[in-house]
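Summary of structural features
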2 protein chains.
Amino acid sequence: MKQINVVGIGPGAWDKMTVEAAEALQSSDTIIGYTVYIDLVRDHLPGKEFLSTPMRKEVDRCVLAFEEAEKDKRVSMICSGDAGVYGMAGLMYEVGERYPEVSLKIIPGVTAALGGAAVLGAPLIHDFCLISLSDLLTPMDKIEKRLAAAGEADFAIVLYNPQSRKRSDYLQKACDILLQYRKENTVCGIVENIGREGESMKILTLRELRDTPVNMFTTVFIGNSQTKIVNGHMVTPRGYRNV
Amino acid sequence: MKQINVVGIGPGAWDKMTVEAAEALQSSDTIIGYTVYIDLVRDHLPGKEFLSTPMRKEVDRCVLAFEEAEKDKRVSMICSGDAGVYGMAGLMYEVGERYPEVSLKIIPGVTAALGGAAVLGAPLIHDFCLISLSDLLTPMDKIEKRLAAAGEADFAIVLYNPQSRKRSDYLQKACDILLQYRKENTVCGIVENIGREGESMKILTLRELRDTPVNMFTTVFIGNSQTKIVNGHMVTPRGYRNV
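So, here's what we can say about the structure. Fair warning: this is a prediction, and the values are worked out from it, not measured in the lab.

**Let's talk about the overall build of chain A**
For chain A, the helix and strand inventory stands at eight helices and 13 strands. In terms of overall size, chain A behaves like a compact globule, its C-alpha atoms giving a radius of gyration of 19 Å where 243 residues would be expected to give roughly 18 Å. With respect to the principal axes defined by its C-alpha atoms, chain A has extents near 55 × 35 × 35 Å. Looking at chain A residue by residue over its 243 residues, the buried ones come to 60%. Taking the intrachain contacts of chain A between residues at least 6 apart in sequence as the baseline, contacts between residues at least 24 apart amount to 68%. For chain A, the computed accessible surface area is about 9,700 Å², with 46% contributed by carbon and sulfur atoms. One finds the centroid of the 28 positive side-chain charges in chain A at a distance of 3 Å from the centroid of its 31 negative side-chain charges.

Right, dumping it as structure tokens:
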């Protein structure tokens, strides 16, 4: 049986992927992924074949992986973070219906929510949700409904894709929805370049977050009603009762 | 400056922790954690000192870690999954206020949501939330409100702590709330013993999940309205438009 590894490489630095992920890449012939992710691992994998397709050509990238696997190559498809969180794992299963002789092995990794949380402190100790602000494949009203639901039910929230060139005011809109349910001084955090060169973090209020410029390398964290600042870190308690 | 590593060891098997986590444990003198987690790593760490406190004695465990660090030992506190997701990272910051000379390094790991998703296929490709059904520290009405909000806003949902001896009908109650917003045939999945001996998974409908016995080693996944079964796997598409 031919098999493709679908590997989440974590935030970026080699040591932030799992031992299993590192071993899968080391034992592959061919590594396929978006150029930016290839560049993150290339130096650690001498002698491998690296293949890529441009951004947005995700289906082509999946087809490429299956075609290489059919040549009996040991293939790994890589994604940043976790391949199963806004990643390629789902599309690989969908495209894979055309290649019944190839099975998939999904190797999980540290997604930006977990990697960024560790930089900020411990903002995700209790119930939380992940929401992407990208409306490329999701209607905006669905995103807004999720923001409102998460805001009202007091989830800690992690926002992926908070900004792009075409969506310069989306974070502002998201904060305005959340401000209908949460206090202005709700503890929030932003992390840039998690696990990569230039990593930085900032803790701020929800009101301040609304007017803070972010970019495509920013992950945004909004605390729940109990989240507090402890010694310069963003910390959400385990529950609603004193321990 | 004295420092404690707070390390998420992932689902259980050694190779499912990050390279960074493995290196942190290997360079520690003393590993502190709940007995079950110690047993998962002990064989890989010859010559280390292992210290533990019973379940529910989490504050004592944190104090122990700081006291050992104050003796200039290199200390790692371990948690299963990610220390920042229903884990010890938050409590370590809170207890750490009494030990200003000790800093914390949080090393993230693969939480059960990510590890279990990789076993089921790709259920968490789009927006999702984590909800713990444990009402030990959270009022039940808060949990129910989150279930309803997540159900209505079409999040994929991962349930942690779906069952305990004292809470034998909590999963049933949770499903009843979700069934007010989701179709009976919503694709769901359960995974037991993720990344450990006896790992198993099952895909079923929300109606079937309601009457399925689970235990404290089960993680429960509820798909969103778009989640489907692809070649025996649980797969959530990237959005709401065809790609």
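**As for the relation of the copies chain A and chain B**
Overlaying chain A with chain B gives an RMSD of 0.0 Å, the required rotation being 180 degrees about an axis along which the chain moves by 0.0 Å. Look at the turn and shift together and you get a two-fold axis relating the two. Looking at the interface residues of chain A, 98% of them are also at the interface in chain B, so both copies use one shared face.

**Examining the sheet that holds strand β12 (residues 228-230) of chain B**
Residues and elements named next belong to chain B. Spatially, the three strands line up as an open sheet ordered β6-β13-β12, and their pairing is mixed. Among the strands making up the open sheet, the edge pair consists of β6 (121-122) and β12. Pairing geometry for β12 and strand β13 (residues 233-235), over three bridges, is antiparallel. From the neighbouring strand, V230 faces β13, where its bridge partner is H233.

**Details of the interface of chain A and chain B**
Counting residues at the interface gives 65 residues for chain A and 64 residues for chain B. Together chain A and chain B conceal approximately 5,800 Å² of surface at their shared face, both sides included; 62% is due to carbon and sulfur atoms. Three residues, L137, R146 and R238 of chain A, lead the burial of chain A against chain B; their summed loss comes to 13% of the area buried on that side. Where chain A touches chain B, the interface holds twelve salt bridges. For E94 of chain B, the salt bridge goes to K228 of chain A, with nearest N and O atoms at 2.9 Å. Our count for the chain A to chain B interface comes out at 34 residue pairs in polar contact (both at pLDDT 80 or more). When contributions to the side of chain A that touches chain B are tallied by element, the ones reaching two or more residues are α1 (19-26), α4 (89-96), α5 (112-120), β6 (121-122), β7 (128-132), α6 (140-152), β12 (228-230) and β13 (233-235) of chain A. Looking at the side of chain A that touches chain B, its residues break down into 33 nonpolar, 14 polar and 18 charged. Note that β7 of chain A and strand β7 (residues 128-132) of chain B share three bridges and pair antiparallel.

**Considering helix α5 (residues 112-120) of chain B**
Residue and element names in this part refer to chain B. Along α5, eight of the nine residues are buried, which leaves the element largely enclosed by surrounding structure. Regarding α5, the residues found buried are A113, L114, G115, G116, A117, A118, V119 and L120. One or two positions beyond α5, positive phi appears at G121, with a value near 140 degrees.

The rules behind these values
- Residues numbered from 1 in each chain as written.
- Chains lettered and ligands numbered in written order.
- Predicted model: local features only at pLDDT ≥ 70, side-chain atom pairs only at ≥ 80, totals over all residues.
- Heavy atoms only, no water.
- Helix = DSSP H or I, 4+ residues; strand = E, 2+ residues; numbered from the N terminus.
- Rg over C-alpha atoms; globule rule 2.2 N^0.38 Å.
- Buried < 20%, exposed > 50% of the residue type's maximum accessible area, 1.4 Å probe, protein only.
- Contact = heavy atoms within 4.5 Å.
- Areas by Shrake-Rupley, 256 points an atom, 1.4 Å probe, with all protein chains shown as cover.
- Lys, Arg positive; Asp, Glu negative; His and termini not counted.
- Charge placed at Lys NZ, Arg CZ, Asp CG, Glu CD.
- Least-squares fit on C-alpha atoms with pLDDT ≥ 70 in both.
- Pairing = 2+ DSSP bridges.
- Buried area = accessible area lost by both parts, 1.4 Å probe.
- Salt bridge = Lys/Arg side-chain N within 4 Å of Asp/Glu carboxyl O.
- Polar contact = N/O pair within 3.5 Å; in protein donor to acceptor, adjacent residues only side chain to side chain.
- Nonpolar A, V, L, I, M, F, W, Y, C, P; charged D, E, K, R; others polar.

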